[in-house]
Amino acid sequence: MAPVKTYIFFGLNAARILSIVSLLLVFASSIFVMVNDIEAVNSYESAKQSNTTSVDLVNCDYIENSTVPNQLGGVFWAIVNRLLIIFQVIILIMSEVGWPMSLFDRFFPVLGSNFGLGALGIFQGFMGAAVLSQHVDDFTFVAAFFLFVVGCLNMLLGLIFRESVKEKRSVTSWRDGSKDVLPSHLPRAANLNRSETCTSAQSYASTTVCDEKRDMSEFGAARGRAGYGFGRQGEKAAGMRGFLISKPLETLPRYAARPTSAPSTSSRSSTPQPHFNSSNTAI
């Protein structure tokens, strides 16, 4: 049975494919509606100039067979609306494909790699609702409704997986993770050797930790206060625990010359007495 990570990977990528397909359908339907609106406006203007348009059609809120409102600048804003939808669809498709992700991370981080699918779903819901709020043909209606449903799905996935969703569905991270997986089965002898090694390592580590804790408790470091140091207090504490600190013997290094016996310079040493020769005529 495959691990849960595999099902999550394929499920998230299936949602990504549905998102891209819905965006492509809205892209195509927006171009189709824009062409139909332009043709309907041209027909309306030509009929208006030839005075063949009835009064009812002139007073209608929308131009016949189009989504263009019959008001000042209605054609301009209808075309701008379709162009903005097409531009948003292109941006969202690039975000779903993941190219260029560095551009989104720097200038539009809500669609970058550090954010989830919540913002993407909100944008898709806005576009679907904007198209569905008008009277459109069947193809445009189905594409917009499909986009709105996929947007709700992306918002739900964003709430569940949050910012880790793009990493979980990434193909490159999936390949890197599959390369790093080690074999889960080992021979019996290898298992025994590994268990013995782990047991010996754990026993050695536990013994070392216990010795360190005991030494620290003896000298007061484990009780949250400073030790006795190397002075008189430390020597006294060590003596009470049976440790004997001896003064190191004074010695010289091997390369030093040995001291030689120097002649005594004491004032009591025997010195020859001076002899004076006296004259026979001395007084």
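It should be noted that the structure appears before, not after, this text.
Along each chain, residues carry numbers from 1 onward, in the same order as the chain's sequence is written. It should be noted that, the model being predicted, local features are given only for residues of pLDDT at least 70 and side-chain atom pairs only at 80 or more, the latter also being counted only at that level, while totals for whole chains, interfaces and linings use all residues. With hydrogens and water set aside, each side-chain value is computed from the structure's full complement of heavy atoms.

1. Brief notes about the packing of aromatic side chains
Now for step 1: Geometry of aromatic contacts follows a simple scheme: Phe, Tyr and Trp rings, the Trp one being its six-membered ring, pair when their centres are within 6.5 Å, and the pair is stacked under 30 degrees between planes, edge-to-face over 60, tilted otherwise. The full count for this structure, using the stated rule, is 4 aromatic pairs.
Now for step 2: Consider the rings of F108 and F123, whose centres lie 6.2 Å apart with planes at 40 degrees: the pair is tilted. With F108 in the loop between α4 (101-107) and α5 (118-132) and F123 in helix α5, this pair connects stretches of sequence that are 15 residues apart.
Now for step 3: Buried means the residue's accessible area, taken with a 1.4 Å probe over protein chains only, is under 20% of the maximum for its type, while exposed means over 50%, and partly exposed covers the values in between. Accessibility expressed as a relative area gives 34% for F108, which makes it partly exposed.
Now for step 4: An angle of 15 degrees between the planes, with centres 6.5 Å apart, marks the rings of F141 and F145 as stacked. Residue F141 and its partner F145 are both found in helix α6 (residues 138-161); the two are separated by 4 residues, about one turn of the helix.
Now for step 5: On the basis of relative accessibility, which here comes to 46%, the residue F145 falls in the partly exposed class. The helix and strand labels rest on DSSP assignments: H or I over at least four residues marks a helix, E over at least two residues marks a strand, and numbering proceeds from the N terminus.

2. Here we look at the packing of helix α1 (residues 4-49) against helix α3 (residues 74-97)
Now for step 1: Contact pair α1 / α3: the axes reach a minimum separation of 9 Å and the direction vectors enclose 160 degrees. With respect to α3, the axis of α1 lies roughly antiparallel. Classified by chirality, the crossing of α3 by α1 is left-handed.
Now for step 2: Residue type decides the class: Asp, Glu, Lys and Arg count as charged, Ala, Val, Leu, Ile, Met, Phe, Trp, Tyr, Cys and Pro as nonpolar, and the leftover types, Gly among them, as polar. Of the residues contributing to the contact of α1 with α3, the split by class is 20 nonpolar, 2 polar and 3 charged. Between N-to-C directions, angles cover 0 to 180 degrees, with each direction set by a line fitted to C-alpha atoms, over the stretch in contact for helices. Every angle not falling under 35 degrees, over 145, or within 65 to 115 is termed oblique; those three ranges are roughly parallel, roughly antiparallel and roughly perpendicular. Helix crossings get a hand from a simple test, with the near helix turned counterclockwise from the far one by less than a right angle marking a left-handed crossing and a clockwise turn marking a right-handed one.

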